[in-house]
Amino acid sequence: MTTVVDDAVPAEYVKKRCLRLNMLAEDTNDEDVSLFDAEEDAGKKSKKRIKHPLASFFHLFFRVAAVLVYLLCGIFSSSFIACMVTIILLLSCDFWTVKNITGRLMVGLRWWNQVDDDGRSHWVFEARKGAGKQQASDSESRIFWIGLIVCPVLWVVFAFSTLFSLKIKWVPVVIMGVVLQGANLYGYVRCKVGGKTSLKNMATNYFGRQFLKQAMSKEEES
């Protein structure tokens, strides 16, 4: 009897120790998983969060205000000169703000014109490369591109409507809207996709992939 008791006690002790070690290992694994989950959640929240609310507001304010003044100026004012000056000022403020501030802050893109020592003019299109704090927010990027694309389309619609309705006096105003906001759209699209060589490469790669897909599908059918 005594021998049996002496042999059983160490076995139970070893089992308890193993159970405790397993519980500690599971706790540490749970803590590591929770830490990784917390980091992923923080990364997702930072991408969804608007980092530059003031820039996001003024990115939309001037261009939306110009559209509203154009649509409602006949209701609130009978002076064509006052409406035209107000719209042109809003369009000019929007062009400068989007070109120099909001594009750089919200999506990390910028474009400008520079003159070299020989007097030749060059257009420069840049895209920020980096991660971490400099990474653009998804919400800001969505706001930026929606505002950048929708408003020039509206001014193109206004241009056709003025021509068809024979409102000749409004033609210079809508042309100004198309030119200023279309210039920013063109510049930032060039920054996003690259220069002319990049555009050619994208088109070549696209048609090459389509050709390969068709060839592979024909081989599978045969």
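Preceding this section is the structure that the text describes.
Bear in mind the structure is a predicted one, so any value in this text is a computation, not a measurement. (Residues numbered from 1 in each chain as written. Predicted model: local features only at pLDDT ≥ 70, side-chain atom pairs only at ≥ 80, totals over all residues. Heavy atoms only, no water.)

Caption draft 1: Representation of the overall build of the chain. Helix and strand counts for the chain stand at 6 helices and 2 strands. N-terminal to C-terminal, the α/β element order of the chain is α-α-α-β-β-α-α-α. The buried share of the chain, taken over its 222 residues, is 23%. Of the contacts formed within the chain by residues at least 6 apart in sequence, a portion of 69% connects residues at least 24 apart. Just so you have it, the chain exposes about 15800 Å², and 65% of that area is on carbon and sulfur atoms. (Helix = DSSP H or I, 4+ residues; strand = E, 2+ residues; numbered from the N terminus. Buried < 20%, exposed > 50% of the residue type's maximum accessible area, 1.4 Å probe, protein only. Contact = heavy atoms within 4.5 Å. Areas by Shrake-Rupley, 256 points an atom, 1.4 Å probe, with all protein chains shown as cover.)

Caption draft 2: A look at helix 4 (residues 138–164). If you check helix 4, its first and last C-alpha atoms are 39 Å apart, about what 27 residues at 1.5 Å a residue would give, namely 39 Å. Along helix 4, the positions that sit buried rather than exposed are S139, E140, F144, W145, G147, L148, C151, P152, W155, F158, A159 and T162. Phi turns positive, to about 60 degrees, at L166, one or two residues after helix 4. (Expected span 1.5 Å × (residues − 1).)

Caption draft 3: Main features of the pairing of strand 2 (residues 121–127). By the bridge criterion, 7 bridges tie strand 1 (residues 109–115) to strand 2 in an arrangement that is antiparallel. Counterpart to W111 in the pairing with strand 2 is F125. (Pairing = 2+ DSSP bridges.)

Caption draft 4: Here's a closer look at helix 5 (residues 171–193). For helix 5, spanning 23 residues, the distance from its first C-alpha to its last is 32 Å, which sits close to the expected 33 Å at 1.5 Å a residue. All buried positions along helix 5 are accounted for by V171, V173, V174, G177, L180, Q181, N184, G187, Y188, R190 and C191. Phi turns positive, to about 100 degrees, at G194, one or two residues after helix 5.

Caption draft 5: The arrangement of the pattern of salt bridges in detail. Applying the stated criterion across every chain, the model contains 3 salt bridges. The salt bridge partner of D94 is R63, with a shortest N-O separation of 2.9 Å. Linking D94 in helix 3 (residues 80–106) with R63 in helix 2 (residues 53–76), this pair joins segments that are 31 residues apart in sequence. On the basis of relative accessibility, which here comes to 0%, the residue D94 falls in the buried class. For D118, the salt bridge identified is with R120, shortest N-O distance 3.5 Å. A residue is classified by how much of its surface remains accessible, and D118, at 61% relative accessible area, is exposed. (Salt bridge = Lys/Arg side-chain N within 4 Å of Asp/Glu carboxyl O.)

Caption draft 6: Summary view of the side chain of S56. With respect to the helices and strands, S56 occurs in helix 2. You can call S56 buried: its relative accessible area is 6%. At 2.9 Å, the side chain of S56 and the backbone oxygen of H52 are in polar contact. Those residues in contact with S56 that lie beyond four places of it in its chain are I50, M106, E140 and I143. (Polar contact = N/O pair within 3.5 Å; in protein donor to acceptor, adjacent residues only side chain to side chain.)

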